Amino acid sequence: MMAEAGADGPRLAELLALGRRLWEELEASTEPSSGAPAVQDKVRQGLDALQRAAAMVTQLELFSENEELEEIASADLKFMLLPALLGALTLKQVDLSRRREHLESAREHFLHFLKLCRNYGLGSFQLPSGTSSEEEARSSPAPRDPSQPNLVAMAMSRSAKIERYKQKKELENKLAAMSSSVESGTADEDQIREFYILQIQKWIGSSLEEIESIDQELVILKSRDAARQAPAGPRGPPRPARTPVKPFILTRDAAQARVFGAGYPGLPTMTVDDWYEQRRKQGIVSQQAFGEPGSPPCPSPPAGTSDEEMQKQQKETEEEEDDEEALRKARDWDDWKDTHPRGYGNRHNMG
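Going along each chain's sequence as written, the residues are numbered from 1 onward. Only residues with pLDDT of at least 70 are given local features in this predicted model, and only at 80 or more are side-chain atom pairs given and counted; all residues enter the totals for whole chains, interfaces and linings. With hydrogens and water stripped out, all remaining heavy atoms of the structure feed into the side-chain values.

Caption draft 1: Local environment of the overall build of the chain. When you go through the chain residue by residue, the secondary structure sums to 13 helices and two strands. Expressed as a percentage of contacts within the chain between residues at least 6 apart in sequence, the contacts between residues at least 24 apart total 63%. Helix and strand definitions follow DSSP, with helices as H or I runs of at least four residues and strands as E runs of at least two, each counted in order from the N terminus. Residue contacts are defined here by distance: any two heavy atoms, one from each residue, within 4.5 Å place the two residues in contact.

In structure tokens, the structure reads:
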């Protein structure tokens, strides 16, 4: 297998190196926006290089489920990182219309990497939920009530995160100390093998964290899509358009209508009976509700009316009947004031 890798080794190694270099540049970039053309151009170049390298690895059959870690050549261990790097670069795409597609694709890459690592016994971890594999079914706990929080699982998850963080820091320190000798070519085969295994273990922790973050974002996106596709609720029939009502002054009788009409010629007036008749014709009120036009709305006092209330109503009726006489007197008084200026007839204190 080493010989097969050696035939196309330089080309395969160059593609991996290019894709990894572009990812490292994107990680260290100070570009204010991840959607900048220069940034997305590097993302496309890196994905293209890594996808071509992954196709070569598949064609060469560098990794198999039937072999042990010791059977893999030290120089070939670095190619196990291809799925993880593909997942990391896939997440850097910023096309919002395809965000869900990119998240699911990145998750598949990370999951492929984790399965590959677990097959070779690299690291001790549990595959994330949702893998739809027989292994997941065997490792999953017994069904429980979904309405109750799984405190044990939450505690285990928190403990696992803390442990991964500690391991990540330790691995980064070891890799920093070994990178110079490996990159300069002075490291022996055992050091090279350890260096690549440490890199793989570091990416295991990163892949688990990325899958957890992806799953959280997918839940939000799926809920949003479901809300958009949900049919609108049933609505009642539209209300009929109401005829606009012109402003008017409502008076008690024809006498008041003449008075207010004379004072406000631009504003129409109508009596209560006229208003009832108009509303009846428009179909807004029924004739039975208010009686025949011209008849009082309440022909007899309701049951339980006290003597005091009846006297009050009778007094108001008498006052309404006296309105016309009071109106005549008021007009006579206004006419008298027009012809008799103030002080007329006052002959006191005159010399």
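Caption draft 2: Quick look at the packing of aromatic side chains. Geometry of aromatic contacts follows a simple scheme: Phe, Tyr and Trp rings, the Trp one being its six-membered ring, pair when their centres are within 6.5 Å, and the pair is stacked under 30 degrees between planes, edge-to-face over 60, tilted otherwise. Inspection of the entire model under this criterion finds three aromatic pairs. Residues Trp23 and Trp203 carry aromatic rings whose centres are separated by 5.0 Å and whose planes lie at 55° to one another, so their mutual orientation is tilted. With Trp23 in helix α2 (residues 9-27) and Trp203 in helix α8 (residues 189-229), the pair connects residues that are 180 residues apart, well separated along the chain. Comparing Trp23 with Trp203, the two get one shared label, buried. Considering the side-chain rings of Phe63 and Tyr120, the 6.4 Å spacing of their centres and the 75° angle between planes classify their relative orientation as edge-to-face. Of this pair, Phe63 sits in the loop between α3 (37-60) and α4 (82-90) while Tyr120 sits in the loop between α5 (99-119) and α6 (134-139), placing them 57 residues apart in sequence. The residues Phe63 and Tyr120 share a single accessibility class, namely buried. Exposure classes here rest on a 1.4 Å probe applied to the protein chains alone. A residue is buried below 20% of its type maximum, exposed above 50%, and partly exposed in between.

Caption draft 3: Focus on the pattern of salt bridges. Salt bridges are counted wherever a side-chain nitrogen of Lys or Arg sits within 4 Å of a carboxyl oxygen of Asp or Glu. Per the stated rule, a full pass over the model turns up 15 salt bridges. Here Arg21 ties to Glu25 by a salt bridge, and the two come within 2.9 Å at their closest N and O atoms. Separated by four residues within a single helix, Arg21 and Glu25 lie in helix α2, roughly one turn from each other. Exposure remark for Glu25: the relative accessible area of 28% places this residue in the partly exposed category. As a salt-bridge pair, Lys42 and Glu25 come within 3.1 Å of each other at their nearest N and O atoms. Of the two residues, Lys42 sits in helix α3 while Glu25 sits in helix α2, which places them 17 residues apart along the sequence. The class for Lys42 is partly exposed, based on a relative accessible area of 30%. Where salt bridges share partners, they join Arg100, Glu104, Arg224 and Asp225 into one cluster.

Caption draft 4: Spatial organisation of α5. Taking 1.5 Å of rise per residue, the 21 residues of α5 would be expected to cover 30 Å, and the 30 Å separating its terminal C-alpha atoms lies within 8% of that figure. Residues His102, Leu103, Ala106, Arg107, Phe110, Leu111, Phe113, Leu114, Leu116 and Cys117 constitute the buried set of α5. Against α4 and α8 lie the buried residues of α5. Multiplying 1.5 Å by the helix residue count minus one yields the expected span of that helix.

Caption draft 5: Quick look at the nonpolar core. We call a set of buried residues a nonpolar core when its members are Ala, Val, Leu, Ile, Met, Phe, Trp, Tyr or Cys and they connect through side-chain atoms within 4.5 Å of each other. By size, the foremost hydrophobic cluster in this structure holds 58 residues, and its most contacted members are Phe63, Met80, Phe113, Leu122 and Ile204. Counting residues per element, the ones that place at least two in this core are α2, α3, α4, α5, α7 (151-184) and α8. Per-element tally for this core: the top contributor is α8, with twelve residues.

Caption draft 6: Looking closely at the environment of Gln93. Note on placement: Gln93 falls in the loop between α4 and α5. Along the sequence, Gln93 and Arg44 sit 49 residues apart, while their C-alpha atoms lie 8.5 Å from each other. Once residues within four sequence positions are removed from consideration, Gln93 is found in contact with Gln40, Val43, Leu47, Arg99 and His102.

Caption draft 7: View of the layout of surface pockets. Lining residues are defined by having an atom within 4 Å of a point belonging to a cavity or pocket. Those points lie on a 1 Å grid over the protein atoms alone, cavities being sets where a 1.4 Å probe fits but cannot get out and pockets being open sets with protein on both sides within 12 Å along at least five of seven lines. Grid points are joined across faces, edges and corners, and a volume is the space filled by probe spheres set on the points. For the second largest pocket, the calculated volume is near 880 Å³. Contributing to the lining of the second largest pocket are 30 residues, with Arg20, Trp23, Glu24, Gln199 and Trp203 lying nearest its centre. Within the residue set of the lining of the second largest pocket, elements represented by two or more residues are α2, α7 and α8. No other element matches α8, which puts nine residues into the lining of the second largest pocket. Amino acid classes used here: Ala, Val, Leu, Ile, Met, Phe, Trp, Tyr, Cys and Pro are nonpolar; Asp, Glu, Lys and Arg are charged; the rest, including Gly, are polar. Residues that form the lining of the second largest pocket fall into these classes: 14 nonpolar, four polar and twelve charged.

Caption draft 8: Summary view of α3. For α3, with 24 residues, the first-to-last C-alpha span of 35 Å sits near the 34 Å given by 1.5 Å per residue. Of the residues making up α3, those classed as buried are Val39, Gln40, Val43, Gly46, Leu47, Ala49, Leu50, Ala53, Val57 and Leu60. Positive backbone phi, at 55°, marks Glu61, one or two positions downstream of α3.

Caption draft 9: Main features of the environment of Gln201. Along the chain, Gln201 falls in helix α8. What makes Gln201 partly exposed here is its relative accessible area of 31%. Residues Gln201 and Leu171, 30 residues apart in the sequence, show an inter-C-alpha distance of 7.9 Å.

Caption draft 10: Examining the confidence of the model for the chain more closely. Per-residue confidence from the prediction method is given by pLDDT, with values spanning 0 to 100. On average, residues of the chain score 77 in pLDDT, and 67% of them reach the 70 mark or higher. Between the elements of the chain, mean pLDDT differs from a low of 44, seen in helix α1 (residues 2-7), to a high of 97, seen in α4. Predicted confidence is poor over residues 1-9, with pLDDT under 50, and the contacts of this stretch with residues over four places away or in other chains come to twelve contacts. Note that pLDDT drops below 50 for residues 132-144; the model gives that stretch nine contacts with residues more than four away or on any other chain.

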